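# Examining the three-dimensional arrangement
Next come the chains, spelled out residue by residue.
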Amino acid sequence: LRDIKPQAGLAVPAAWPWIAGGVLLAALAAVAGWWAYRLWQGKPFGPAPFVDNRPPWQVAYDELDRIGGLGLLEQGQFKAYYTLVTDCLRTYLEKQFDLRVYDRTTSQLRATLRQSDLEPASSRRFLGLFTESDLVKFAKFKPDLKTARQLTLEARSLVDGTRPTPELEGTAAGQPPAAPVTTSQLSYQSGQ
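Computed from a predicted model, the values in this text were never measured in an experiment.

### Some thoughts on a nonpolar patch on the surface
- Together, Trp34, Trp35, Leu39 and Phe45 line one region of the surface with nonpolar side chains, adding up to about 450 Å² of accessible area.
- By the element assignment, Leu39 lies in helix α1 (residues 16–41).

In structure tokens, the structure reads:
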């Protein structure tokens, strides 16, 4: 006689891998759904973009200061220096006067500036500066150090001459003009 066989075991896989896989799949589906919803809404991903609240003329002044501090002229990098200064002025024109000048050549810029709200004298000064810069950037003209330093001064002068006056800045932003300050001759003393 043979001995009794042991009871047959039923191999049932563990349940935890299925549960973990289901939770992971649900999490991935939730992230994909959120991503698709944000994309459909047109909202950016990640943190909100940095918004610069400075007026365009202040941005231009700060950028010109930064360019001057790079020491490009002392290193003989005239082309880089002239490129940075003209890019700064183009950005200023785009933001201050809502002109599309960044992707235009200097000759195309002439027509754009004529149709703008800029005074003709200021337009001519901008065009003169851009034309002079084109000689350095594209014709490989090397100015002397004194002439190159004048570029920043001329750029500052252009920004000074075209920036809005302080009275117009407040009204342009939708704020009423500042009321005159009045002082009272009466004073209040407690106990009287």
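Still more ground to cover, so stick around.
### Focus on the packing of helix α3 (residues 78–97) against helix α5 (residues 120–138)
- Running from N to C, α3 and α5 cross one another at 150°; their axes reach a closest spacing of 9 Å. Looking at the two axes, α3 sits roughly antiparallel to α5. The crossing of α3 and α5 is left-handed. Contact residues: α3 offers Phe78, Lys79, Tyr82, Thr83, Thr86, Leu89, Arg90, Tyr92 and Leu93, while α5 offers Phe126, Leu129, Phe130, Glu132, Ser133, Val136 and Lys137.

### Let's talk about the environment of Asp65
- Secondary-structure assignment places Asp65 in helix α2 (residues 56–69).
- According to the relative accessible area criterion, Asp65 is partly exposed, its value standing at 46%.
- The spacing of Asp65 and Arg156 is 91 residues in sequence and 9.8 Å in space, taken between C-alpha atoms.

### Re the packing of aromatic side chains
- Evaluated as defined, the whole model comprises five aromatic pairs.
- A centroid spacing of 6.1 Å and a plane angle of 90° characterise the contact between Tyr92 and Phe97, whose relative ring orientation is edge-to-face.
- Note on Tyr92: relative accessible area 2%, which makes it buried.
- A residue is classified by how much of its surface remains accessible, and Phe97, at 23% relative accessible area, is partly exposed.
- The side chain of Arg90 reaches across the aromatic face of Phe130, ending 4.9 Å from its centre.

### Observations concerning the environment of Pro143
- Assignment of secondary structure puts Pro143 in the loop between α5 and α6 (145–162).
- Along the primary structure Pro143 and Phe78 are separated by 65 residues, whereas in three dimensions their C-alpha atoms are 7.9 Å apart.
- Apart from residues no more than four positions distant in its own chain, Pro143 is found in contact with Phe78, Tyr82, Val136 and Ala148.

### Things to note about the nonpolar core
- Counting residues in each nonpolar core, the largest one holds 30 residues, and the members touching the most others are Tyr81, Leu89, Leu113 and Phe126.
- Elements supplying a minimum of two residues to this core: α2, α3, α4 (106–114), α5 and α6.
- Here this core takes eight residues from α3, the largest share from any one element.
- Residue contacts for Tyr81: discarding those within four places in its chain leaves Ile67, Leu72, Leu73, Ala148, Leu151 and Thr152.

What counts, and at which threshold
- Residue indices begin from 1 for each chain and proceed along its sequence in written order.
- Note on the predicted model: pLDDT of at least 70 is required for a residue's local features to be given, and 80 or more for side-chain atom pairs to be given and counted; whole-chain, interface and lining totals, by contrast, use all residues.
- Side-chain calculation: all heavy atoms of the structure are included, whereas hydrogens and water are not.
- Only residues whose relative accessible area exceeds 30% and that take part in no salt bridge are eligible for patches, with like-charged residues grouped when within 9 Å of each other and nonpolar side chains (Val, Leu, Ile, Met, Phe, Trp, Tyr) grouped when within 5 Å.
- Surface exposure here means Shrake-Rupley accessible area, sampled with a 1.4 Å probe, where a residue is shielded only by the protein chains that are shown.
- Definition used for salt bridges: Asp or Glu carboxyl oxygen within 4 Å of a side-chain nitrogen of Lys or Arg.
- Strands are runs of DSSP state E lasting at least 2 residues, helices are runs of H or I lasting at least 4, and numbering of each runs from the N terminus.
- Axis angles are defined between N-to-C directions and span 0 to 180 degrees, where every axis is a line fitted to C-alpha atoms and, for a helix, only to the segment in contact.
- Note that the term roughly parallel is reserved for angles under 35 degrees, roughly antiparallel for angles over 145, roughly perpendicular for angles of 65 to 115, and oblique for everything else.
- Each crossing is labelled by how the near helix is turned from the far one, with a counterclockwise turn of less than a right angle marking it left-handed and a clockwise turn marking it right-handed.
- Throughout, a residue-residue contact means that at least one pair of heavy atoms, one from each residue, lies within 4.5 Å.
- Buried residues are those whose accessible area, probed at 1.4 Å on protein chains only, stays under 20% of the maximum for their type, while exposed residues exceed 50% and partly exposed ones sit between those limits.
- Stacked, edge-to-face and tilted labels apply to pairs of Phe, Tyr and Trp rings (six-membered ring for Trp) whose centres lie within 6.5 Å, assigned for plane angles under 30 degrees, over 60, and everything in between, in that order.
- Two limits define a charge over a ring: the Lys NZ or Arg CZ must be within 6 Å of the ring centre, and within 35 degrees of the ring normal.
- Among the buried residues, those of types Ala, Val, Leu, Ile, Met, Phe, Trp, Tyr and Cys that are joined through side-chain atoms within 4.5 Å form a nonpolar core.

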